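Next come the chains, spelled out residue by residue.
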Amino acid sequence: MNDTVIGHIGGSAGKEVRLKGWVYNFRSSGKIAFLILRDGTGFIQCVLVKGEIGEEYFELAKTLQQEDTIEVAGKVAENPRSPGGYEIAMTSLRIINQFRGEEYPIQKKDHGVDFLLNNRHLWLRSKMQFATLRIRDEIVKAIRDFFYEREFILIDSPIFTPTAPEGTSSLFATDYFGENAFLSQSGQLYQEAGAIAFRKTYCFGPTFRAEKSKTKKHLTEFWMIEPEVAFADLDDMMTLSEDFVCYVVGRVLEKKKEELKILERDTSDLENIKAPFERITYKQAVELVNKGGLPMKFGEDFGADEEDIVSRNFKKPVFIHRFPRSIKPFYMEADPEDGDLVLNMDLIAPAGYGEIIGGSQRMYDLDRLKEEMKKAGLSEKDYHWYVDLRKWGSCPHAGFGLGLERTVAWITGIEHIRTAIPFPRTINRLNP
Ligand code: 4AD
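These figures come from a predicted structure and were not determined experimentally.

What counts, and at which threshold
Starting afresh in each chain, residues are numbered from 1 along the sequence in its written order. Since the coordinates come from a predicted model, pLDDT governs what is reported: local features require at least 70, and pairs of side-chain atoms require 80 or more to be given and counted, while whole-chain, interface and lining totals use all residues. By convention in this description, side-chain values take in all heavy atoms of the structure and omit both hydrogens and water. As used here, the term nonpolar core means buried Ala, Val, Leu, Ile, Met, Phe, Trp, Tyr and Cys residues forming a set that is joined through side-chain atoms within 4.5 Å. Here's how the labels work: a residue is buried when its accessible area is under 20% of the maximum for its type, exposed when over 50%, partly exposed in between, all with a 1.4 Å probe on protein chains only. Elements are defined by DSSP. Helices are runs of H or I of four residues or more, strands are runs of E of two residues or more, and each kind is numbered from the N terminus. One side-chain nitrogen of Lys or Arg within 4 Å of one carboxyl oxygen of Asp or Glu is enough to make a salt bridge. For two strands to pair, DSSP has to find at least two bridges joining them. We call two residues contacting when some pair of their heavy atoms lies within 4.5 Å. For helices, the fitted axis covers only the stretch in contact; all axes are lines through C-alpha atoms, and the angles between them, taken along N-to-C directions, range from 0 to 180 degrees. Detection works on a 1 Å grid of protein atoms alone, calling trapped sets that fit a 1.4 Å probe cavities and calling open sets with protein on both sides within 12 Å along at least five of seven lines pockets, with lining residues defined by an atom within 4 Å of a point. Grid points are joined across faces, edges and corners, and a volume is the space filled by probe spheres set on the points. In this count, Pro and Cys sit with the nonpolar residues alongside Ala, Val, Leu, Ile, Met, Phe, Trp and Tyr, while Asp, Glu, Lys and Arg are called charged and the others, Gly among them, polar. Contacts described as polar in this section are N or O atom pairs within 3.5 Å, which, within protein, must combine one atom able to donate a hydrogen with one able to accept it, while residues neighboring in sequence count only if both atoms come from side chains. A molecule or strand has a residue near it when one of that residue's heavy atoms lies within 4 Å. Accessible surface is estimated by sampling points in the Shrake-Rupley manner with a 1.4 Å probe; for residues, cover comes only from the protein chains shown.

A. Inspection of the nonpolar core at higher detail. In this structure, Ile139, Ile143, Phe147, Phe244, Val245 and Trp410 are the most contacted members of the largest nonpolar core, which totals 48 residues. With 12 residues, helix H7 (residues 234–255) is the largest single contributor of residues to this core. Among the nonpolar cores identified, the runner-up in size contains 23 residues, and Leu19, Phe26, Leu35 and Leu37 belong to it.

Shown next, in the form of structure tokens:
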């Protein structure tokens, strides 16, 4: 008898196995019963035939309810209709835990999403969440592999920061022993120090934005991956971004077929995600929005509706580059051909998932940087170390940030970003 887990059952047809897990579903009719067992690695159907397993185990099984903790033993058989393609012909059952004080809150019926989010600690056990979060795990692994294979060095940026790289309107302030410390909005500024020390670096951690947006694309705590490269320009970053996105999508298609099937994700559009992606200017994107029927003036930023219109013109993600300086942060390099524009880019995912990457070439000239900081009302004292980077060893450099949850939402095809993360934080949610 082999102690194993559902995820390792493949190829074991004919073998006797023992599994520990939880009851996902149980139904019996007369002399036969079907149990769906979940064990955290997968789901499998277990079949109990009264005449084979014996009266005692069969009666014990009839006491089972959702989320009882059990151990089952039996013989593995192939069954294409069972989840994962296998089932277990059960020979024994042992109950490890049965709680009967209250009914399991999440029943097989439609619950409102608020109820499910209030019970997120339990909801994580359901099939759709299982599939989504396992794909997230694969994406995280692919992200790390991509940068490791390209010889980037991981330089973790701090979470407590004294600065606000993405503007002061979306900061969470904390009392840091009597001083103001903000939860990081972006690790970028520290990556700029990293890139001059290690040439190619990245950070990957949680970032925080006190944005009061109640959209399906906004979290107040989300994970961002931020590479930064010395001697690189905006075009290099667009090329790196498209290689990166293709790599991540390719990995999910290769390794997470079962999970994509659970989510009923039609993957034909993902199969089509190959470099290069179209690159259009901000000006061209504004024209597309206007043509799409939404009035938008030069100098305004894209909201969700505007991004949707742009993305509908393309089957793959699309880059929008060279935005007006007036709507972008101080650190972006000026476009040498038009000083009112900056050398930045956003990558917009297809099908309304919005911006998944934002990046730019950084301003590296000391005097011009100081001037931009002054215009933005930033104190040189607060940014003294960032200014130092423009004194010693300054060089052209560029980087970008990819939002993990928006990427997970797009690849899995889930409707809302809040289930792309285990425990979402949004404007109205801090619990569980
Ligand atoms: O475009 P953003 O603001 O860029 C930066 O923070 C740069 N400092 C990154 C860099 O150059 N190193 O954010 C980058 C990405 C967005 O494209 C989006 O995917 C994600 O972060 N993002 C959010 N995701 C979820 N909820 C939010 N509130 C988000 N805000 C940004």
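There is more to say, and it comes next.
B. The arrangement of the pattern of salt bridges in detail. Enumeration according to the criterion identifies 29 salt bridges in this entry. In this structure, Glu242 engages Arg279 in a salt bridge whose closest nitrogen and oxygen atoms are separated by 3.3 Å. Of this pair, Glu242 sits in helix H7 while Arg279 is found in strand S13 (residues 279–281), placing the two residues 37 residues apart along the sequence. On the basis of relative accessible area, Glu242 is assigned to the buried category, the value being 5%. Here Asp388 ties to Lys391 by a salt bridge, and the two come within 3.5 Å at their closest N and O atoms. On the accessibility criterion, Asp388 (28% relative accessible area) is partly exposed. Lys391 sits in the partly exposed class, given a relative accessible area of 43%. Three or more residues are tied together by salt bridges with common partners; here these are Arg134, Glu138, Lys141, Asp145, Arg251, Lys256 and Glu259.

C. Examining the sheet that holds strand S14 (residues 318–321) more closely. With mixed pairing, 8 strands are arranged side by side in an open sheet as S7-S11-S12-S19-S18-S17-S14-S13. Single-partner strands in this sheet number two, and they are strand S7 (153–154) and S13. Summarising the sheet, strand S18 (residues 354–361) and strand S19 (residues 397–403) pair through 5 bridges and their orientation is antiparallel. Note that in S19 the partner of Ser360 across the bridge is Gly399. Running at roughly 30° to strand S12 (residues 221–230), helix H6 (residues 188–198) makes contact with S7, strand S11 (200–208), S12 and S19 of the sheet. Contacts between helix H11 (residues 304–312) and the sheet are confined to S13, S14, strand S17 (344–349) and S18, with S17 contributing the most and set at about 75° to the helix.

D. Summary view of empty space enclosed by the protein. Counted by the stated rule, this structure contains 2 cavities of 30 Å³ or more. Put simply, the largest cavity is a space of about 40 Å³. If you go around the largest cavity, the residues you meet are Ile139, Ile143, Phe244, Val245, Val248, Val249, Leu402, Thr407, Trp410 and Ile411. Tallied by class, residues from the lining of the largest cavity come to 9 nonpolar, 1 polar and no charged. Each pocket or cavity is described by its volume, and for the second largest cavity that value is around 30 Å³. For the second largest cavity, the full set of lining residues is Thr161, Thr163, Pro165, Ser184, Gln185, Ser186, Leu189 and Tyr190. Each residue belonging to the lining of the second largest cavity can be placed in one class, and the counts come to 3 nonpolar, 5 polar and no charged.

E. Focus on the side chain of Arg429. Positionally, Arg429 belongs in the segment after helix H14 (404–412). Here the side chain of Arg429 touches Asn118 through a polar contact of 3.0 Å, side chain to side chain. With residues near it in sequence (within four places) discarded, Arg429 still touches Asp114, Leu117, Asn118 and Pro424.

F. Up close: the site of the ligand. Lining the immediate surroundings of the ligand are 24 residues, of which Glu166, Gln188, Glu211, Glu226 and Glu355 lie closest. Glu226 is positioned with one of its side-chain polar atoms (N or O) 2.7 Å from a nitrogen atom of the ligand. With the chains in place, 93% of the 630 Å² that the ligand exposes on its own is no longer accessible. Where the shell around the ligand is concerned, the elements lending two or more residues are S12, S18 and S19. At 5 residues, S18 tops the list of elements feeding residues into the shell around the ligand. Tallied by class, the residues present in the shell around the ligand amount to 8 nonpolar, 8 polar and 8 charged.

G. Just unusual backbone geometry, in detail. A cis amide bond links Ala275 with the next residue in sequence, Pro276, at an omega value of 0°. Its location among the elements puts Pro276 in the loop between helix H9 (268–271) and S13. With an omega dihedral of 0°, the bond running from Asn431 to Pro432 counts as a cis peptide bond. Examined against the element boundaries, Pro432 turns out to sit in the segment after H14. Even without being a glycine, Arg199 presents a positive backbone phi close to 75°.

H. Fine view of the sheet that holds strand S8 (residues 160–161). Taken in spatial order, the 3 strands line up as S8-S10-S9 in an open sheet, and their pairing is antiparallel. Two strands bound the open sheet, and with one partner strand each, they are S8 and strand S9 (173–176). The pairing of S8 with strand S10 (residues 179–183) spans 2 bridges and is antiparallel. Of the residues in S10, the one forming a bridge with Thr161 is Phe182.

Everything listed here is a matter of geometry and, on its own, says nothing about what the molecule does.
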